[in-house]
Amino acid sequence: MADFGISAGQFVAVVWDKSSPVEALKGLVDKLQALTGNEGRVSVENINQLLQSAHKESSFDIILSGLVPGSTTLHSAEILAEIARILRPGGCLFLKEPVETAVDNNSKVKTASKLCSALTLSGLVEVKELQREPLTPEEVQSVREHLGHESDNLLFVQITGKKPNFEVGSSRQLKLSITKKSSPSVKPAVDPAAAKLWTLSANDMEDDSMHLWPCRRTGKREVKGTDELPTQVSLWKLLPGRCLPLCQLPLPWDASLQTWGKGASE
């Protein structure tokens, strides 16, 4: 029997089912106890009672399931998830199960690739197949009796998986470097003369002598009433015999302004 890397002081669990011969189970447990020594512990769990065994999480360093000689154990998704829960971070599962070499979606017996995927979905990492071996005639008969499955394409596959080096759902405080907020930006001072130039009173806006004319900048010269697209609006005040420009306002670029032309209203 392989020692599965078991050393003194480790906690080991052996999972068995009704297909496991009693004498073979006892022989396996005795060998494991010799490896773990007085400081270690070997627990024996029936696969049908594992979910009700109330083991605390991270209880075992190594779990052996289906490895009792003569066993034909099948592992459900719930059993694999429970095994992953009670394994310690960095702990290993060694599993043996009969598999189909041909794909059969209606069969309760999985293929080797589906069994590896099931271990990965349970939360284990570094899942790999260790070996394959044919079933003995006694084991084929055990599959028929305990699993109700009959096939000529069965093999035993031994697979191992490892629990990550952390507990699922564990948390750790992160140290964040928070920089000091900069002081709010200060608005630039407004030139009182400029503010006065661009401020219109209510009286100015109601004055009939106030007009807006579109104009195009050509150097320093303003041309009013041209057919070209205006870029500015000038505010003028009409006085008897003359016009006084008060200010100029830039126009935003807008496609609707392209309709400007001769004969258009102000």
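What counts, and where the lines are drawn
- Residues numbered from 1 in each chain as written.
- Predicted model: local features only at pLDDT ≥ 70, side-chain atom pairs only at ≥ 80, totals over all residues.
- Heavy atoms only, no water.
- Helix = DSSP H or I, 4+ residues; strand = E, 2+ residues; numbered from the N terminus.
- Buried < 20%, exposed > 50% of the residue type's maximum accessible area, 1.4 Å probe, protein only.
- Contact = heavy atoms within 4.5 Å.
- Areas by Shrake-Rupley, 256 points an atom, 1.4 Å probe, with all protein chains shown as cover.
- Core = buried A, V, L, I, M, F, W, Y, C linked by side-chain atoms within 4.5 Å.
- Polar contact = N/O pair within 3.5 Å; in protein donor to acceptor, adjacent residues only side chain to side chain.
- Pairing = 2+ DSSP bridges.
- Right-handed = clockwise from strand over helix to strand, strands pointing away.
- Phe/Tyr/Trp six-rings, centres within 6.5 Å; stacked < 30°, edge-to-face > 60°.
- Lys NZ or Arg CZ within 6 Å of the ring centre and 35° of its normal.
- Axes fitted to C-alpha atoms, helices over the stretch in contact; angles between N-to-C directions.
- Arc of directions from axis to C-beta.

Asks: Sorry, what's going on with the overall build of the chain here?
Replies: Within the chain, the secondary structure is distributed over 6 helices and 10 strands. Taken across its 266 residues, the chain has 36% of its residues classed as buried. Here the analysis covers contacts within the chain between residues at least 6 apart in sequence; of these, 70% occur between residues at least 24 apart. Taken as a whole, the chain presents about 17,100 Å² of accessible surface, with 54% of it coming from carbon and sulfur.

Asks: Got a minute to help me understand the nonpolar core in this structure?
Replies: One recurring pattern in soluble globular proteins is that nonpolar side chains are buried together. Core analysis: the largest hydrophobic core is formed by 23 residues, its most contacted members being Ile 63, Ile 83, Leu 93, Leu 115 and Leu 119. Listed by contribution, the elements that provide at least two residues to this core are strand E1 (11–16), strand E3 (60–65), helix H2 (77–86), strand E4 (87–100), helix H3 (112–121) and strand E6 (154–162). When neighbours within four sequence positions are excluded, Ile 63 is seen to be in contact with Ala 13, Val 15, Ile 83, Ile 86, Leu 87, Cys 92, Leu 93 and Phe 94. Membership of the second largest hydrophobic core comes to 14 residues, among which are Ile 62, Leu 67, Val 68 and Phe 94.

Asks: What am I meant to see in the side chain of His 75 here?
Replies: With respect to the secondary-structure elements, His 75 resides in the loop between E3 and H2. One polar contact links His 75 to Ser 65, side chain to side chain, over a distance of 2.5 Å. Engagement of the side chain of His 75 in a polar contact is seen with the side chain of Glu 97, the distance being 2.7 Å.

Asks: What exactly am I supposed to notice about the pairing of E3 here?
Replies: Along any regular strand the residues' side chains alternate between the sheet's two faces. Taking burial as the measure, the 6 residues of E3 include 6 buried ones, the bulk of the element. When E1 meets E3, the two strands line up parallel, connected through 4 bridges. Residue Val 15 lies in a different strand from E3, and its bridge partner there is Ser 65. Bridge count between E3 and E4: 5 bridges; the pairing is parallel. Opposite Ile 62, over in E4, you have Cys 92 as the bridge partner. One crossover worth recording links E3 to the parallel E4 by way of H2, and it is right-handed.

Asks: Is there a simple way to think about the packing of aromatic side chains in this case?
Replies: Each aromatic ring pair is described using two quantities: the centre-to-centre distance and the angle formed by the ring planes. Tallied over the entire structure, the rule returns 1 aromatic pair. Geometrically, the ring pair formed by Phe 4 and Phe 94 is tilted, given 4.9 Å between the ring centres and 50° between the ring planes. Remark: Phe 94 occurs in strand E4 and Phe 4 occurs in the segment before E1; sequence separation between them is 90 residues. Accessibility classification places Phe 4 together with Phe 94 in one group, the buried group. Between the NZ or CZ atom of Lys 96 and the centre of the ring of Phe 156, over which it lies, the distance is 4.6 Å.

Asks: Whenever I open this one, the side chain of Thr 73 confuses me. Can you help?
Replies: Inspection of the secondary structure puts Thr 73 in the loop between E3 and H2. Classification of Thr 73 by relative accessible area gives buried; the value is 1%.

Asks: Got a minute to help me understand the sheet that holds strand E5 (residues 125–133) in this structure?
Replies: Think of a sheet as strands paired side by side through backbone hydrogen bonds, with each pair either parallel or antiparallel. Sheet architecture is open: 6 strands sit in the order E2-E1-E3-E4-E6-E5, paired in mixed fashion. Either end of the sheet is taken by a strand with one partner, and the two such strands are strand E2 (41–46) and E5. Neighbour-to-neighbour, the strand axes of this sheet turn through a mean angle of 15°, independent of strand direction. Together, E1, E2 and E3 form the strand contacts of helix H1 (residues 22–36), whose direction differs from that of E2 by roughly 155°. Sitting on the sheet, H3 touches E4, E5 and E6, and the angle it makes with E4 is about 160°.

Asks: When you look at the environment of Ala 8 in this model, what are you seeing that I'm missing?
Replies: Position of Ala 8 among the secondary structure elements: in the segment before E1. Once the C-alpha coordinates of Ala 8 and Glu 39 are considered, the two residues, 31 residues apart in sequence, prove to be 6.8 Å apart. The contact partners of Ala 8, leaving out residues within four places of it in the chain, are Leu 35 and Thr 36.

Asks: Before we go on, may I ask you to explain H3 in this structure?
Replies: In an α-helix, one turn spans 3.6 residues; hence positions three or four apart end up facing the same way. By the burial criterion, the buried members of H3 are Ala 112, Leu 115, Cys 116, Ala 118 and Leu 119. The buried residues of H3 all sit within an arc of 155° when viewed along its axis, so they share a single face. Away from its buried face by more than 90 degrees, H3 exposes Ser 113 and Leu 121. Those residues of H3 hidden inside the fold are in contact with H2, E4, E5 and E6. Gly 123 lies just past H3 and shows a positive phi near 115°.

Asks: What exactly am I supposed to notice about unusual backbone geometry here?
Replies: Most peptide bonds adopt trans geometry, and most residues besides glycine take a negative phi value. The backbone of Ala 54 sits at a positive phi, close to 60°, despite the residue not being glycine. Considering the arrangement of structural elements, one finds Ala 54 in the loop between E2 and E3. Judged by relative accessible area, Ala 54 falls into the exposed class, the value being 67%.

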